[in-house]
Amino acid sequence: MSEKALIETRDLKQHFPLRKGLFGGKSQVVKAVDGISIEIPRRSVLGLVGESGSGKSTFGQAVMGLTKPTAGSMTFDGIDMATASSAELRGLKRRMQMVFQDPFSSLNPRMSVAETLGVPLRFHEPQLNGAQRKDRAAEMLERVGLPGQYVDRFPHEFSGGQRQRIGIARALMVHPDFIMADEVVSALDVSVQAQVLNLFGRLQRDLELTMLFITHDLAVVGHVSDFVAVMYLGRVVEIAPTRELFSSPKHPYTEALLSAAPTPQTKNRRQRIVLKGDIPSPLNPPSGCPFRTRCPYALEECAHSTPELREFASGHKAACIRDDLSLASATQQQKEPA
Amino acid sequence: MTKVLTVEDLTISFGTGDSELTVVHKVNFTLEAGKTLALVGESGSGKSVTSLGIMRLLSPSQSRVQGKIVLHSDEDIDLLSLSESRMRRLRGDRIAMIFQEPLTSLNPVYTIGDQIIEAIRSHRRMSKRNARQRAIELIDQVGIPDAEHRLGTYPHELSGGMRQRIMIAIALALEPDILIADEPTTALDVTVQAQILELLNRLQEETGMAMLFITHDFGVVADIADRTIVMYAGEMVEEGSTETVLERPLMPYTSGLMRAVPKLETAGLKEGDLESIEGFVPHPDNRPTGCSFHPRCTHALAGTCDVPPVPIEDAGDGHLVRCKRWKTLQEAAE
């Protein structure tokens, strides 16, 4: 990472105060994102995995500048989003685009594809006229693998996979440098999911995009990402180059996630670690390490203070105080029961 | 092995007259006590409609269910010829069902306890006190601690995994012979999914019930099923022991689907494109002639695969495959 990263967050926090009932009372705070520092190098893909309630989507929104962070900073290409002028922000917003999960609710059913794809152009390239916008839309449709003449069609005429291609086309209309993709293949069938993942991979390479790829699916994240960050209760508990994370996880939560991911093999199955209980409420997180209540390796010390990320190998950090664990990887077939 | 349910030539269509659409075509299978059969397929494959057809939960005015569904209890009962009131007595009692989204299956204004007790007392003459006792046992059995206290809680107070455990408790309340589970772990996180699958496996060992497990995920199949049926466009395209189907699939759709899923073992290797299946599942009013998969199949041969009929053939050891070219493809692979 000699070149400066395109995206950098420093101790980013996003807390949401909860109002108590009619008579007030003690106000509570949901620490949805609680101090995240990451860098996404140019032209690379950071995968962000976590279960529901881990704060991964909230983090994505904070990165996109859709919410105002409670604390910490987010810089894009060296520009701090919090102190940027409105002219700078408008420029930044063109360079940062997003693709959403549900291709059924993220497209306006009453707008033709040409209109949908024209909206970002109206805003960022107002000099274009309607015919020019339509030409650009048709070009982009071909780029995402749909016939250009489909620009006059409406969303209901497309299947889920095709709609997701339109969502991707919309994000690419203004030639962004960065794409935030939040659960973009979760609503798709397996055979269609592979088509859309391949499209993402190809576009990312050809257009040299930097990406934040948010998903709950480990296998998907392993396929698309250069680096992976694992989130639990608002914090990153492990971050590493993808192969490294899957072949030698250092955090017990990563190990559990890898072992719980279903694999279509009936022989040589990995020893499964079934965690106890659910992810705790972010309203009332455990003291110390947030994972300790479900961790099979927790010690008494784990309750004392929240472990910070520390380096286990070059570029591989995990927030666990234990050095003595030998955790099961996803790439080896079997492990003796611990 | 004890057969508990036989499904013969089950065909389900919606609409009437010219607009009638057949979404399930001649599906055949049996369920055995203590065993799990998985129905796997993508959206539109007809897997969920098959399960609703078995439960007779499809509206008779809008759908037509043909074939035979025979429940083997003390006597053989053809479910399709039963009166609605007799069917209602069987539903929940002999055949129970759990669904994908437990929050929409539970009533938000009644406590968990009320809902379990209601399920018991609507089928059995039992005092409230005994039913309550049974509810506590059930909550305990599905692995929820502090069962007695949980009786008074409402669905919104529970997590997704807990709610699915409650649904399972209600389904098991009357010790059914058959549990139909329609994507019961799809809405859950992976760590919770692992818990629920483990629970279902344990409960099956304890009760000896037969399970019909509907899913789109081959990974889940590997965890739960003894036998597996792969469905495509309303037809069974492959059936066999789970090991056979997953390790030695013969139908190009099955193997293609498995190759399309990214693998944990190769994570981060950046091996380039996944093998995808081009196109999408055909709409029921626009089914291709011959093999319904042939327009998307890389092995399809004009003049062979687009000519009906395409029968399902036995490739040995109860491994069934609906592909005219399976022998050729198998020889080519060896």
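If you look chain B up in an unreviewed UniProt entry, it shows as Oligopeptide transport ATP-binding protein OppD from Salipiger mucosus DSM 16094. UniProt annotates chain B under Sequence similarities (unreviewed entry) with the comment "Belongs to the ABC transporter superfamily." Heading Subcellular location (unreviewed entry) of the UniProt record for chain B holds this comment: "Cell inner membrane".

As named in an unreviewed UniProt entry, chain A is Oligopeptide transport ATP-binding protein OppF, taken from Salipiger mucosus DSM 16094. The heading Sequence similarities (unreviewed entry) in the UniProt record of chain A holds the text "Belongs to the ABC transporter superfamily." Among the UniProt annotations of chain A, the heading Subcellular location (unreviewed entry) holds the following wording: "Cell inner membrane".

Visitor: Looking at this model, I keep getting lost on the interface of chain A and chain B. Mind explaining?
Guide: One frequently used descriptor of interface size is the decrease in accessible area upon assembly of the parts. Contact with chain A, which involves 40 residues of that partner, is made by 41 residues of chain B. Counting residues per element, the side of chain A that touches chain B draws most heavily on helix α6 (residues 190-206) of chain A, at eight residues. Within the side of chain A that touches chain B, the residues separate by chemical class into 19 nonpolar, 15 polar and six charged.

Visitor: Any chance you could explain the sheet that holds strand β6 (residues 96-99) of chain A here in plain terms?
Guide: Sheet strands line up and pair through hydrogen bonds in the backbone, either parallel or antiparallel. Residues and elements named next belong to chain A. The strand order β6-β7-β8-β3-β9-β10-β12-β11 describes an open sheet built from eight strands, whose pairing is mixed. The outermost strands of the open sheet, each flanked by one partner alone, are β6 and β11 (310-313). Across the sheet, the mean angle from the axis of one strand to that of its neighbour is 20 degrees, orientation sign disregarded. Bridge count between β6 and strand β7 (residues 178-182): four bridges; the pairing is parallel. Residue pairing for β7: V99 is matched across the bridge by A181. Where helix α5 (residues 160-172) meets the sheet, its contacts fall on β6 and β7, and the angle it forms with β6 comes to roughly 175 degrees. The sheet strands contacting helix α9 (residues 252-260) are β9 (227-232) and β10 (235-241), and the helix crosses β9 at an angle near 100 degrees.

Reading guide: rules and limits
- Counting from 1, residues in each chain are numbered in the order their sequence is written.
- The order in which chains are written sets their letters, starting at A; the order in which ligands are written sets their numbers, starting at 1.
- This being a predicted model, a pLDDT of at least 70 is required before a residue's local features are given, and a value of 80 or more before pairs of side-chain atoms are given or counted; all residues contribute to the totals for chains, interfaces and linings.
- UniProt positions are given in the numbering used here, feature names are shortened, and annotations may be inferred rather than shown by experiment.
- A pair of residues counts as a contact when their C-beta atoms, built from backbone coordinates, are within 7 Å of each other.
- Only DSSP runs of H or I with at least four residues qualify as helices, and only runs of E with at least two residues qualify as strands; both kinds are numbered from the N terminus onward.
- Charged residues are taken to be Asp, Glu, Lys and Arg, nonpolar residues to be Ala, Val, Leu, Ile, Met, Phe, Trp, Tyr, Cys and Pro, and polar residues to be all remaining types, Gly included.
- Strand pairing is defined by DSSP finding a minimum of two bridges between the two strands.
- Simply put, an axis is a line fit to the C-alpha atoms, just over the touching stretch for a helix, and the angle between two N-to-C directions goes from 0 to 180 degrees.

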